[in-house]
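Here is what each chain is made of, one letter per residue.
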Amino acid sequence: MTLAQRRQAPSSAPPLTIASVPSGHVYVRHLSPVDGRGAVRLPDPAPGNPDRPAGATWWPPVMLDPEWARQADFDVFHLHFGFDACAPEQLERLTRVLRGRGKPFVFTVHDLRNPHHSDRRLHDEQLDVLVEAADALITLTPGAAREIESRWGRTPLVVPHPHVVDLPTMTRALEVRPLWRHRPFRVGLHLKSLRANMDPMRLLPTLVDTVAGLDDAVLQVNCHRDVLDPDGARRDSALSDWLRGEATAKRLELHVHDFFSDDDLWAYLASLDLSVLPYTFGTHSGWLEACRDLQTTVLAPTCGYYADQGPVLTYTNDGDDFDADSLRDAVVRAHAERPRWGATLDERTAQRPEVARVHEELYRELSR
């Protein structure tokens, strides 16, 4: 069932209180309308002090503690992220508490494969508990919905990912980008702290050679200090040596830094013409949505359901299956055509109240 199929008149009833896990995540914040009306989401309790709001720190999520769920005052419990380290037994206790209190449980299935786990077994066991126990399921794309139906025999509501970048920043990016028409074509590969689903050396030789062969083009590779610095906690010596050698040869620009702030991340993404996602497995991507907000074309792998989220270029990269030619061809096409497939400000502005409305209606329906 799609968002459009559930459109109804808005309710005038008093606002419901939702325990969203985590409420401070940008995705969850943007499930509410810009004017803040509708459901009230409880602030994330501070880890170590559940009686206080967490502010910017929500990990580990206190709301996943069955004892918190047993005592807290809310109308609906809605889980998104944050259960990575939870034993399936803890999740079973949590869902039993919710059922015992008569509190509806909504689960949005963002990840059918956890990008942080090399071994998928724990995440599969967690999903078995959560998907079976949920009173309602949501996911972001039709492809993910089909997989959920195939694996568990349940039909989720499909609600697209709302904008990630705030609307004023989107506006500024849209105004500035036309001024960059004559600068070099910039391809970005951001390796972050090397999640389990990243295998950069699978892509890098082809990517470097391809961009080097294009007219007026630059490859920018970003990575966190914990991976590339000599004393980094997750140092990858072979990757560091290879990247620094290519940078010395001026075949790529290497940027080594700590985690970006939101403002720095938006500025980085807006500076790119093409952002290459180096994932070997996964499901959906908030990074992709941020690129769409900023009019940066995305080159996504064939694993997961990235291409269902919006218009992207794709290359074959799915587990052990990697096709260098498909990567090369996609980069060449991006350079030649300069596609602009991002979401417009009008689209995002219209989408957000629709996303908020469908969540509000679902909460109301479950709370009757």
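To be clear, the structure that these remarks concern was listed above.
Because the structure is a prediction, the values reported are computed rather than measured.

The rules behind the values
- Residues numbered from 1 in each chain as written.
- Predicted model: local features only at pLDDT ≥ 70, side-chain atom pairs only at ≥ 80, totals over all residues.
- Heavy atoms only, no water.
- Patch = residues over 30% accessible without salt bridge, like charges linked within 9 Å, V, L, I, M, F, W, Y side chains within 5 Å.
- Areas by Shrake-Rupley, 256 points an atom, 1.4 Å probe, with all protein chains shown as cover.
- Salt bridge = Lys/Arg side-chain N within 4 Å of Asp/Glu carboxyl O.
- Lys, Arg positive; Asp, Glu negative; His and termini not counted.
- Charge placed at Lys NZ, Arg CZ, Asp CG, Glu CD.
- Helix = DSSP H or I, 4+ residues; strand = E, 2+ residues; numbered from the N terminus.
- Pairing = 2+ DSSP bridges.
- Contact = heavy atoms within 4.5 Å.
- Axes fitted to C-alpha atoms, helices over the stretch in contact; angles between N-to-C directions.
- Buried < 20%, exposed > 50% of the residue type's maximum accessible area, 1.4 Å probe, protein only.
- Polar contact = N/O pair within 3.5 Å; in protein donor to acceptor, adjacent residues only side chain to side chain.
- Parallel < 35°, antiparallel > 145°, perpendicular 65-115°, else oblique.
- Left-handed = near helix turned anticlockwise from the far one by under 90°.
- Nonpolar A, V, L, I, M, F, W, Y, C, P; charged D, E, K, R; others polar.

Asker: Got a sec to walk through a negative patch on the surface? Specific residues and values, please.
Answerer: Taken together, E89, E92, E125, D128 and E132 make up a surface patch of like negative charges. Here the negative patch takes three residues from helix 4 (residues 121-133), the largest share from any one element. Along the chain, E132 falls in helix 4.

Asker: Go over the sheet that holds strand 5 (residues 76-79) with me, naming the residues and quoting the values.
Answerer: If you walk across this open sheet you meet the six strands as 2-1-5-6-7-8, and the pairing is parallel. Looking at strand neighbours, the two that pair on one side only are strand 2 (40-41) and strand 8 (157-158), the edges of this open sheet. The pairing of strand 5 with strand 6 (residues 105-109) spans three bridges and is parallel. Following the sheet pairing, L79 is matched in strand 6 by F107. Along the sheet face, helix 5 (residues 142-152) touches strand 6, strand 7 (136-139) and strand 8 and points at about 140° away from the line of strand 7.

Asker: Describe the environment of F185, naming the residues involved and giving the relevant values.
Answerer: With respect to the helices and strands, the residue F185 is situated in strand 9 (residues 185-190). Since its relative accessible area comes to 2%, F185 is described here as buried. Each C-alpha atom of the pair F185 and V331 lies 11 Å from the other, and the pair is 146 residues apart in sequence. Setting aside anything within four residues of it in sequence, one finds F185 in contact with D216, A217, V218, D273, L274, A334, H335 and R338.

Asker: How would you summarise helix 5 if you had to cite specific residues and measurements?
Answerer: Residues G143, A144, A145, I148 and W152 constitute the buried set of helix 5. On its buried side, helix 5 packs onto strand 6, helix 4, strand 7, strand 8 and helix 12 (306-309). G153 occupies a position one or two residues after helix 5 and carries a positive phi of about 70°.

Asker: Describe in detail helix 11 (residues 286-293), supporting the description with residues and values.
Answerer: Counting buried positions over the eight residues of helix 11 gives seven, a clear majority of the element. The N-cap of helix 11, judged by a side-chain oxygen 3.2 Å from the amide nitrogen of W287 a few residues on, is S285. One or two steps after helix 11, the chain reaches Q295, where phi turns positive at roughly 65°.

Asker: Any chance you could break down the packing of helix 10 (residues 262-270) against helix 11 for me, citing the residues and the numbers?
Answerer: With their axes 9 Å apart at the nearest point, helix 10 and helix 11 run at an angle of 65° to one another. Overall, the two elements helix 10 and helix 11 adopt an arrangement that is roughly perpendicular. The handedness of the crossing between helix 10 and helix 11 is right-handed. From helix 10, L265, W266, Y268 and L269 reach across to helix 11, where they touch W287, A290 and C291. Across the contact of helix 10 with helix 11, the residue classes break down as seven nonpolar, no polar and no charged.

Asker: So what's going on with the side chain of H224? Residues and values would help.
Answerer: Along the chain, H224 falls in strand 10 (residues 217-224). Judged by relative accessible area, H224 falls into the buried class, the value being 5%. At 2.8 Å, the side chain of H224 and the side chain of S193 are in polar contact. Other than its neighbours up to four places away in sequence, H224 contacts H190, K192, S193, V256, H257, D258 and F259.

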